Amino acid sequence: MCTYFKVKKKLDRFSVDVEYSFDRGVLVIQGESGAGKTTVLNCISGLKEPDEGKVLIEDTLVFDDKVNVPVKDRKIGYLFQNYALFPNMTVEKNVIYGIKNKKEYRDKSKRKELLDYADYIMETFQITHLKKRYPANISGGEKQRVALARAIVTQPRLLLLDEPFSALDVKTKEVVYEEFAAFKENLGIPTILITHDPRESELFADHRIFMKEGRLMRQAGDEKEPEKCC
């Protein structure tokens, strides 16, 4: 199963022009602020439309010059840098928000399966005890866990993470790093992770690319070559 993206998008200062493919694990995208990394994620997810390009998610075409699958139908989990939790919803309602929009949720028997899976994910990320709390009443690390649980509970084909650990203090990061490593090992969802932190790249990257002003750059010491799976 291959995830492939070729994205061209004109920005104010430069144009993003990247192409890459991978079939498993975590792809880390590194680069300075303003290099176009988030634009790539937004084009993959459908939040932005590339000027031209092609996007496949596990061999399924979701964008090219003739196809543009809506965001809700791409089966992508997206964790934003600020987590984007709904402040007026409890932790539980935040987590299950995505599955309530799935067609299967209308079927009572399948709804139970979806809710049971949501309970499993909340237990996995140790947030079950927070179910009835609101985002304003939980810590930064807990918000990060809730946001990640919400992204995963829809059982996405691809997970996009935009600087998911940047807002955490050092102590909390260490705990969350362990949880994310376990998640990566157990669930195996293909993931694209944007990070400025070299340690996070070393911890989680199965594949790694570097961006500068919208282009992919080679970096000394990085011997991994792009996989030709598409």
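The structure displayed is predicted, hence computed values, not measured ones.

Chemist: Explain the overall build of the chain to me, using residue names and the numbers behind them.
Modeler: Across its full length, the chain carries six helices and 10 strands. Computed over its C-alpha atoms, the radius of gyration of the chain comes to 18 Å, within 12% of the 17 Å expected for a compact globule of 230 residues. Dimensions along the principal axes, computed over C-alpha positions, put the chain at roughly 45 × 45 × 35 Å. Scored against the burial criterion, the 230 residues of the chain give a buried share of 47%. Taking contacts inside the chain between residues at least 6 apart in sequence as the whole, the part at least 24 apart equals 69%. Surface summary for the chain: the accessible area is close to 12,400 Å², and the carbon and sulfur share equals 47%. Considering the chain, the positive charge centre built from 39 side chains and the negative charge centre built from 37 side chains are found 6 Å apart.

Chemist: Requested: an account of the pattern of salt bridges, with residues and values cited.
Modeler: As enumerated under the stated definition, the model contains 11 salt bridges in all. A salt bridge links lysine 72 to aspartate 73; the shortest N-O distance between them is 3.4 Å. The class for aspartate 73 is partly exposed, based on a relative accessible area of 40%. The salt bridge partner of aspartate 206 is lysine 184, with a shortest N-O separation of 3.2 Å. Taken together, the residues aspartate 206 in the loop between α6 (198-204) and β9 (207-212) and lysine 184 in helix α5 (residues 170-187) connect sequence positions 22 residues apart. Residue aspartate 206 is classed as partly exposed on the basis of its relative accessible area, which comes to 28%. Lysine 184 sits in the partly exposed class, given a relative accessible area of 25%. Among the charged side chains, a salt-bridge network with shared partners connects Glu92, Asp119, Lys131 and Lys132.

Chemist: Let's hear about α5: which residues, and what values?
Modeler: Here α5 is 18 residues long and its end C-alpha atoms lie 25 Å apart, about the 26 Å a rise of 1.5 Å per residue gives. For α5, every residue scored as buried is listed here: Thr172, Lys173, Val176, Tyr177, Glu179, Phe180 and Phe183. In this fold, the buried residues of α5 make contact with α4 (140-152), β7 (158-162), β8 (191-194) and α6.

About the cut-offs
Residues numbered from 1 in each chain as written. Predicted model: local features only at pLDDT ≥ 70, side-chain atom pairs only at ≥ 80, totals over all residues. Heavy atoms only, no water. Helix = DSSP H or I, 4+ residues; strand = E, 2+ residues; numbered from the N terminus. Rg over C-alpha atoms; globule rule 2.2 N^0.38 Å. Buried < 20%, exposed > 50% of the residue type's maximum accessible area, 1.4 Å probe, protein only. Contact = heavy atoms within 4.5 Å. Areas by Shrake-Rupley, 256 points an atom, 1.4 Å probe, with all protein chains shown as cover. Lys, Arg positive; Asp, Glu negative; His and termini not counted. Charge placed at Lys NZ, Arg CZ, Asp CG, Glu CD. Salt bridge = Lys/Arg side-chain N within 4 Å of Asp/Glu carboxyl O. Expected span 1.5 Å × (residues − 1).

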